[in-house]
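The residues making up each chain are set out below.
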Amino acid sequence: MAAPALERAGGPQEPGEARRVAQLDGSNLIRVGARPGLFRYIREIWSFRHFLYYDSHSRVASANSYDSLGRVWMILNPILFGTAYFFVFGLLLQTGRGVDNFIGYLIIGVFTFRFFTTAVSGGSNAIAGNQRVVQAFNFPRACLVISTTVRELFSSIPMFFVMALLVLSIGDLQLGDADEVPISLTWHWLLFFPCIALALMVMLGWSLALARAVNAHNDVKHLISFGTRILFYTSAVFFSSDRYSDMGVDWLDTVMGLNPLFCVLDIIRHAWLYDGFADPARWIVLGSWAAGSMLIGFLIFWHGEESYGKER
């Protein structure tokens, strides 16, 4: 577009002097705060990949810095929760009756459930809890949600290491009338890695969708807390999935089979405790949830890009 005539710094234009015109190309300019195209948005996120890594790593290093035990609490918390669940559900309520290697069964359930729900809860609050950052800087807002999920993965690495040691050392202790199945380190344990990778995709997809919902309506946080309770009781964290079949409630057993977190637990338990493969349907369900959650969650979040950071 043509700009107005530019005057010389020394004064008005002299008679007969040629007029200078600046030509500006505004074809690549976009409105400040406007939502970029989908593929451009993905490229912008990729350009921030180094920031995502260092931000996640630094936040993990500074976590629990004000506690005397520091990062040890990342490991102590699931151990304490697992101990409490063992005494209440394993010894008092006998929910582990008939479950082979119930101690290891419970350890895997509690540790993995905590990893899953903590990441989703943190990711869902990534935008609403960082309003000053969102309002002050121009960057793809999805980076905040991704950074939260990556941070939870980094902080859970020591926890997973302890989980593996506990399963190897005490996971096959006998409880009640259940059988003791010897546990050994085999190549089946490697199935843990693709399983957790798919779980991360599910967590990130859910976090992206919920982050937009929480940003628009803060009350959604209470519903998320309620939802994690339902997820806890429908994922067989501390009891066998056969319980519903034994009760004749087949539809609940079907619902549990469609639960992605139950699929994660079942895959890891079969690989670590029973040295085998879970039902292939578990991988199909988990893979479908991973692909669908990432696609739908990302589109939902991207579509609301212009609404983040606005005063509510």
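Residues numbered from 1 in each chain as written. Predicted model: local features only at pLDDT ≥ 70, side-chain atom pairs only at ≥ 80, totals over all residues. Heavy atoms only, no water.

Remarks on the pattern of salt bridges
Alright, step 1. Per the counting criterion, the structure on display carries two salt bridges.
Alright, step 2. With a closest N to O distance of 2.9 Å, R282 and D266 form a salt bridge. Taken together, the positions of R282 in helix α12 (residues 280-303) and D266 in helix α11 (residues 260-272) put the pair 16 residues apart, joining distant regions of the chain.
Alright, step 3. Taking the relative accessible area as the measure of exposure, R282 reaches 18% and is therefore buried. (Salt bridge = Lys/Arg side-chain N within 4 Å of Asp/Glu carboxyl O. Helix = DSSP H or I, 4+ residues; strand = E, 2+ residues; numbered from the N terminus. Buried < 20%, exposed > 50% of the residue type's maximum accessible area, 1.4 Å probe, protein only.)

Some points on the environment of A136
Alright, step 1. One can find A136 in helix α5 (residues 131-136).
Alright, step 2. With 173 residues separating them in the primary sequence, A136 and G309 have C-alpha atoms 8.8 Å apart.

Section: the nonpolar core
Alright, step 1. By size, the foremost hydrophobic cluster in this structure holds 53 residues, and its most contacted members are V167, M203, I268, W272 and L286.
Alright, step 2. Broken down by secondary-structure element, the contributors of at least two residues to this core are α3 (73-92), α4 (102-124), α6 (142-170), α7 (192-216), α8 (220-233), α11 and α12.
Alright, step 3. Looking at this core element by element, the count peaks at 13 residues for α4.
Alright, step 4. Ignoring sequence-local partners within four residues, the contact set of M203 consists of F115, F116, A119 and V120.
Alright, step 5. Core analysis: the second largest hydrophobic core is formed by 19 residues, L52, F139, C143 and V145 among them. (Core = buried A, V, L, I, M, F, W, Y, C linked by side-chain atoms within 4.5 Å. Contact = heavy atoms within 4.5 Å.)

Quick notes on the packing of α4 against α11
Alright, step 1. Between α4 and α11, the least distance of the axes is 10 Å, while the angle of their chain directions is 140°. Put simply, α4 runs oblique to α11. Once α4 is placed against α11, the crossing between them reads as right-handed. On α11, the residues touching Y105, I108, G109, T112, F113 and F116 of α4 are L261, V264, L265, I268, R269 and W272.
Alright, step 2. Broken down by class, the residue content of the contact of α4 with α11 amounts to nine nonpolar, two polar and one charged. (Axes fitted to C-alpha atoms, helices over the stretch in contact; angles between N-to-C directions. Parallel < 35°, antiparallel > 145°, perpendicular 65-115°, else oblique. Left-handed = near helix turned anticlockwise from the far one by under 90°. Nonpolar A, V, L, I, M, F, W, Y, C, P; charged D, E, K, R; others polar.)

Remarks on the packing of α7 against α11
Alright, step 1. In contact at an axis separation of 10 Å, α7 and α11 are set at 165° when each is read in the N-to-C sense. As the angle between them shows, α7 and α11 are arranged roughly antiparallel. Along this stretch, α7 crosses α11, giving a crossing that reads as left-handed. On α11, the residues that touch F192, C195, I196, A199, V202 and W206 of α7 are P260, V264, I267, I268 and W272.
Alright, step 2. Taken together, the residues of the contact of α7 with α11 break down into eleven nonpolar, no polar and no charged.

Let's talk about a nonpolar patch on the surface
Alright, step 1. On the surface, W187, L190, F193 and F277 cluster together into a nonpolar patch covering about 510 Å² of accessible area.
Alright, step 2. Summarising the element assignment, F277 is placed in the loop between α11 and α12. (Patch = residues over 30% accessible without salt bridge, like charges linked within 9 Å, V, L, I, M, F, W, Y side chains within 5 Å. Areas by Shrake-Rupley, 256 points an atom, 1.4 Å probe, with all protein chains shown as cover.)

Observations concerning the side chain of Q131
Alright, step 1. Among the secondary structure elements, Q131 is positioned in helix α5.
Alright, step 2. For Q131, a relative accessible area of 16% gives the class buried.
Alright, step 3. At 3.0 Å, the side chain of Q131 forms a polar contact with the backbone oxygen of I127.
Alright, step 4. In this structure Q131 touches N215, G309 and K310, once residues within four positions along its chain are discounted. (Polar contact = N/O pair within 3.5 Å; in protein donor to acceptor, adjacent residues only side chain to side chain.)

Section: α4
Alright, step 1. Between its first and last C-alpha, α4 extends 33 Å over 23 residues, near the 33 Å set by a 1.5 Å rise per residue.
Alright, step 2. Counting buried positions along α4 gives 19 out of 23 residues, so the element sits mostly inside the fold. (Expected span 1.5 Å × (residues − 1).)

Examining unusual backbone geometry
Alright, step 1. The phi dihedral of A236 falls on the positive side, at around 55°, and the residue is not glycine.
Alright, step 2. Relative to the helices and strands, A236 resides in the loop between α8 and α9 (242-246).
Alright, step 3. Although it is not a glycine, D275 adopts a positive phi angle of roughly 50°.
Alright, step 4. The residue D275 is located in the loop between α11 and α12 in this model.

Overview of the packing of aromatic side chains
Alright, step 1. A complete count under the given rule lists 18 aromatic pairs for this structure.
Alright, step 2. With centroids separated by 5.7 Å and ring planes inclined at 80°, the aromatic side chains of Y53 and F154 adopt a geometry described as edge-to-face. With a gap of 101 residues between them, Y53 in helix α2 (residues 49-62) and F154 in helix α6 connect regions that are remote in the sequence.
Alright, step 3. The exposure class of F154 is partly exposed, given its relative accessible area of 23%.
Alright, step 4. Each ring, one from F102 and one from Y105, has its centre 6.5 Å from the other, and the planes form 20°; the classification is stacked. In this pair, F102 and Y105 are both assigned in helix α4, three residues apart and thus about one turn of the helix distant. The exposure classification of F102 matches that of Y105, with both residues buried.
Alright, step 5. An aromatic cluster of three or more residues is present, and its members are F115, F160, W189, F192, F193 and W272.
Alright, step 6. Of note, R269 hangs over the ring of Y105, and the distance from its end group to the ring centre comes to 3.5 Å. (Phe/Tyr/Trp six-rings, centres within 6.5 Å; stacked < 30°, edge-to-face > 60°. Lys NZ or Arg CZ within 6 Å of the ring centre and 35° of its normal.)

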